[in-house]
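# Breakdown of the fold
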Amino acid sequence: MEEMVSRNQVMAWEEKYESGVYNKQPIVLVRGEGARVWDIDGTEYIDCVGGHGAANLGHAHPAVVAAVTAQAQRMFLSPNGFYNDMRAQLLKELVRIAPPGIERAFLCSSGTEAVEAALKFARLATKRTKLAASFIISTMRAFHGRTMGALSTTWNKAYREPFEPLIPGVTFVPYGKLDRLEKVMDDQTAAVILEVVQGEGGVNPGDGEYLQQVQALCQERGALFIVDEVQTGFGRTGTMFACEHYDLRPDLIAVAKSIAGGLPMGAALIGERLGEMPKKVHGNTFGGNPLVCAAALATIHALETEHLPERAAKLGARLMDGFRAINSPLIREVRGLGLMVGIELKTQSGPYLGALAEKGVLALPAGGTVMRFLPPLVISEADIETVIEKVALVLSTD
């Protein structure tokens, strides 16, 4: 039986019993529907945090609720040592919707696990196991996760340094600078990993020509091209995967967040250059469990039938146009792709995000100076206009 508790009691319990690793806003969220969320006292917000990009379908999407409810009455967990109907259907669907060249998938439970799998598979497939200075090449301002392997390819020293030594042989190069990549890539480089849009690094969209050149360089020198689509995948940028904007054919793609409508799931999508993985080289207890597979199947169906990637392209363009029309000396730049939008300020974004929450809009930072907006793709046009209006009020200096 649920215990009736107050806002202060919930906050006190989390402060006392949780690990302490999270910074929290003083808001207790208890319910969500579509692009709206409500706190414990009934205050309503437009959600532009979107579960850090995991709520592309919004909260409590009816199709996902129905799929999970039905599957929960059949089977929660089927180990990967057995075949399963829901897992089989999802694997087939993921390969169908993926960029060309993807042939298989490894299912897991999160984005950082998907990156870990991609890094392991790259090392295995290339047979480049001799330690080299540029064994794995990542980019400055990249974020790929917080487990030890993924963390090794994450740029922010504040995340990495407390846990060093990490995986050796990881080199960082400036994002967008092909000449710097060419200088450090050698015959022992197993893979290059990057994001099509750097999310945590400040909502920095990559240049299409640069991304295609990185792909070509990897093919030329025998390294694998890993694209992290954990945040950009499943319609967020205006196409099912951000790779599609530039006709990229990665060897490995890490996906997660919105893959299962908000439930915890991830996958490493495996390209034709790798083929089938040897038995027992990797595994995951909860990866591909029938419950989240059912949610993921419902998510993919809703994304396609409701034309949500196209909606993200249209509404994202309007959101950026609206932000660019704001006359404020605080704004340095507005940038993004689809409904992945950032406003870079000339000062720290924290106080303005707090003020925005007080006006009923939740957003999140991307680095110290960027306000990041990741609303559900089901957000209404009216709510987009409200977000623009509230941001204009918060950034007004009058």
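Here's what I pulled together on the structure shown here. (Residues numbered from 1 in each chain as written. Predicted model: local features only at pLDDT ≥ 70, side-chain atom pairs only at ≥ 80, totals over all residues. Heavy atoms only, no water.)

### Some words on the sheet that holds strand E17 (residues 370-373)
Using the following cut-off: What makes two strands pair is DSSP finding at least two bridges between them. Strands are runs of DSSP state E lasting at least two residues, helices are runs of H or I lasting at least four, and both sets are numbered from the N terminus onward. Working rule for contacts: check all heavy atoms of both residues, and any pair within 4.5 Å makes them a contact. Axes, fitted as lines to C-alpha atoms, cover a helix only where it is in contact. Angles between the N-to-C directions of the axes lie from 0 to 180 degrees.
The strand order E13-E14-E17-E16 describes an open sheet built from four strands, whose pairing is antiparallel. Every interior strand has two partners, whereas the edge strands, strand E13 (331-337) and strand E16 (364-365), have only one. Of the pairings in the sheet, the one linking E13 to strand E14 (residues 340-345) comprises six bridges and is antiparallel in character. If you follow Ile331 over to E14, its bridge partner there is Leu345. Lying over the sheet, helix H11 (residues 308-324) contacts E13, E14 and E17, oriented at roughly 175° with respect to E13.

### Remarks on the packing of aromatic side chains
Note the cut-off: Pairs were defined over the aromatic rings of Phe, Tyr and Trp, the Trp ring being its six-membered one, requiring ring centres within 6.5 Å. Orientation was assigned from the angle between planes: stacked under 30 degrees, edge-to-face over 60, tilted for the rest. When accessible area is computed with a 1.4 Å probe and restricted to protein chains, residues below 20% of their type maximum are described as buried, those above 50% as exposed, and intermediate ones as partly exposed. Here, a charge over a ring is recorded when the distance from Lys NZ or Arg CZ to the ring centre is within 6 Å and its angle to the ring normal is within 35 degrees.
Under the criterion given, the structure shown has six aromatic pairs. Ring plane angle 75° and centroid distance 5.6 Å describe the contact between Tyr175 and Tyr210, whose orientation is recorded as edge-to-face. Placement of the pair is Tyr175 in the loop between strand E6 (170-173) and helix H8 (178-184) and Tyr210 in helix H9 (residues 208-221), with a sequence separation of 35 residues. Comparing Tyr175 with Tyr210 shows no difference in burial state: the two are buried. Centre to centre, the rings of Phe234 and Phe241 are 5.2 Å apart; their planes meet at 65°, and the pair counts as edge-to-face. The ring of Tyr159 carries Arg146 above its face, with NZ or CZ at 4.3 Å from the centroid.

### Notes on the sheet that holds strand E1 (residues 29-33)
Strand pairing in a sheet relies on backbone hydrogen bonds, with the paired strands running either antiparallel or parallel. One open sheet accounts for four strands, arranged E1-E2-E3-E15; its pairing is mixed. Here the strands that pair on one side only, and so sit at the sheet edges, are E1 and strand E15 (361-362). Strand contacts of helix H13 (residues 381-395): strand E2 (36-39), strand E3 (44-47) and E15, with the helix running at about 100° to E3, the strand carrying the most contacts.

None of the figures reported here should be taken as evidence of function without further support.
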